[in-house]
Amino acid sequence: MKTVIHWFRRDLRVSDNVALSEAAKRAETVIPVFIFEDAFRTGPDVGAARLAFLLQSVKSLRKNLAELGHTLVVRCGKSEEILPQLCKEANAQAVFANKRYEPYAQRRDERIIGILNAAGFGFELFKDAVVWEETEILTQAGKPYTVFTPYSKAWKAKSIFAPRAKFPIRNPQSAIRNLESDSLPATPDEIGFPLTQKIPPGGERMALELLRKFMAGPVYEYGASRNFPAIDGTSNLSPHLRAGTIGIRTILAELKRAKEKAESGKRKAEMLANCDIFLNELIWREFYLQVLHNFPHVIKGAFRPEYDQLKWSDDQEHFQAWCEGKTGYPIVDAAMRCLNATGTMHNRLRMIVAMFLTKDLLIHWQWGERYFMKQLVDGDLAANNGGWQWSAGTGTDAAPYFRIFNPVSQAEKFDPQGEFVRRWIPELKDFPDDEIHQPWENPLLLTKSKYPPRIVLHADQRGKCLAMFKAVK
Ligand SMILES: Cc1cc2nc3c(=O)[nH]c(=O)nc-3n(C[C@H](O)[C@H](O)[C@H](O)COP(=O)(O)OP(=O)(O)OC[C@H]3O[C@@H](n4cnc5c(N)ncnc54)[C@H](O)[C@@H]3O)c2cc1C
């Protein structure tokens, strides 16, 4: 082929990009294109944090491409209309892109295939974001997995570490000199989404830097430290995996290298085990993506449909208190204030606040799912839906409904000195370690602190939750 358009979507990177390197292999000229879709500003889950991260990452992509002699063509509008037009303008024979896994994105891609083919252009999609997709890992009976542990075993048994995709420097700037670009908004504020959060920086270089830092040490302690929100013990790669500013093969290659290094370490077995725990988390991501594909009804309701009959509470005041971090339970409130201020939340805390919303406040998991999508910089349909349904006890591989986290004992276990809570709830700074997670035990200090009293009593709500679930069993 003479000319191919590479359409960047959730793959905002130059390195380890399957469709981009295929385009470079098969075409004389590759035209890199990013479309700022109308849906970025009109979709139901649009959040300033994700939008800002996306804009930063596109900016960084443009710079990285420029260093390789390529100009990123940016267009704003609807991809269905822009792509055939661009193919004509650029005299391109085809559009290449990496596959998306959300049902709405797949429907859009099907429409685009039809439109491009009808106009005489090709459209090819490549597997890039995952190692194994959709129906590539099935049970012996040929069915999709609904439980994580056997899925992860099958995933590991099947997996070979695929090499990273290469992007050779090929086409000269002159090849695309006639293609005009639209300007992107500099910030989400410009298009009506004021950013109030201090989010982590986007871009491919930042992702590679985070990966290098994590693999240089924290990965060997991951199993122990990953549960403690006050410790920076996880990779922080989720926004990058979501935006595609890092490739999964790059992460796996670095993990393999970390394992090889561990081979000569004194704590070899322990270090290797920690690397494997990290691998498991990456497999969770693919597990939920295949759930989304094989059981798309999870977008609209419970994975187990009987749980759609649950009689959830619609207490708006409770929901508001949860959103604002004013429930009176310090670990829940610290986590929510952190989310509201940074667009991020530690995994342990996501489980705690999700259980609290669904099993203490008895509010529908979809309310929480939606709120998370609006706030999170890594908000991802598959992982978020999976995490919420897991916590609510309505999902695949779910913590059974009768497993209910106690927010106080969770806090005492995973934030023993109250370090994380003190970071986000200045009102509680004067409480001693042994009272910080249950300030109601010290009513005098609580009144002085101005920290809100508990909006519900965990012990009472636990009973109500069990009754609510039993009613539909
Ligand atoms: C209620 C709830 C909602 C969640 N919403 C999201 C979401 O919108 N987007 C998102 O990426 N993750 C979500 N998670 C999963 C998890 O909390 C985050 O992936 C993790 O906190 C990101 O931090 P990290 O990159 O440092 O993770 P690490 O611990 O370093 O893990 C490495 C990578 O593995 C993947 N991963 C880890 N845990 C999970 C998991 N349980 N499910 C799926 N993938 C996982 C992520 O891509 C992550 O970046 C949610 C979990 C819960 C309980």
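As the structure is a computational prediction, the values presented were derived from the model and not from experiment. (Residues numbered from 1 in each chain as written. Predicted model: local features only at pLDDT ≥ 70, side-chain atom pairs only at ≥ 80, totals over all residues. Heavy atoms only, no water.)

1. Considerations on the site of the ligand
- If you check the shell around the ligand, you find 27 residues, and the closest are Tyr222, Thr234, Ser235, Asn236 and Asn347.
- A distance of 2.6 Å separates an oxygen atom of the ligand from a polar side-chain atom of Thr234.
- Measuring from a nitrogen atom of the ligand, one finds a side-chain N or O atom of Glu281 at 3.0 Å.
- In isolation the ligand has 810 Å² of accessible area, and contact with the protein removes 94% of it.
- Only helix H9 (238-243), helix H11 (268-294), helix H14 (347-360) and helix H16 (381-392) provide two or more residues apiece to the shell around the ligand.
- No other element matches the 6 residues that H11 contributes to the shell around the ligand.
- In the shell around the ligand, the residues fall into 14 nonpolar, 8 polar and 5 charged.
- Here the shell around the ligand spans two domains, since at least three of its residues come from each of domain 2 (130-161 + 204-294) and domain 3 (305-470). (Near = heavy atom within 4 Å. Polar contact = N/O pair within 3.5 Å; in protein donor to acceptor, adjacent residues only side chain to side chain. Areas by Shrake-Rupley, 256 points an atom, 1.4 Å probe, with all protein chains shown as cover. Helix = DSSP H or I, 4+ residues; strand = E, 2+ residues; numbered from the N terminus. Nonpolar A, V, L, I, M, F, W, Y, C, P; charged D, E, K, R; others polar. Domains from an automatic or database assignment.)

2. Brief notes about the sheet that holds strand E2 (residues 29-37)
- Read from one edge of the open sheet, 5 strands run E3-E2-E1-E4-E5, paired in parallel fashion. Each of the sheet's edge strands pairs with one partner strand only, and the pair in question is strand E3 (73-77) and strand E5 (122-126). Direction aside, neighbouring strands of the sheet carry axes that sit 30 degrees apart on average.
- Strands strand E1 (3-8), E2, E3 and strand E4 (94-98) of the sheet are contacted by helix H4 (residues 79-90), whose axis makes an angle of about 145 degrees with E3.
- Sheet contacts for helix H5 (residues 103-118): E1, E2, E4 and E5; angle to E5, the most-contacted strand, approximately 150 degrees. (Pairing = 2+ DSSP bridges. Axes fitted to C-alpha atoms, helices over the stretch in contact; angles between N-to-C directions. Contact = heavy atoms within 4.5 Å.)

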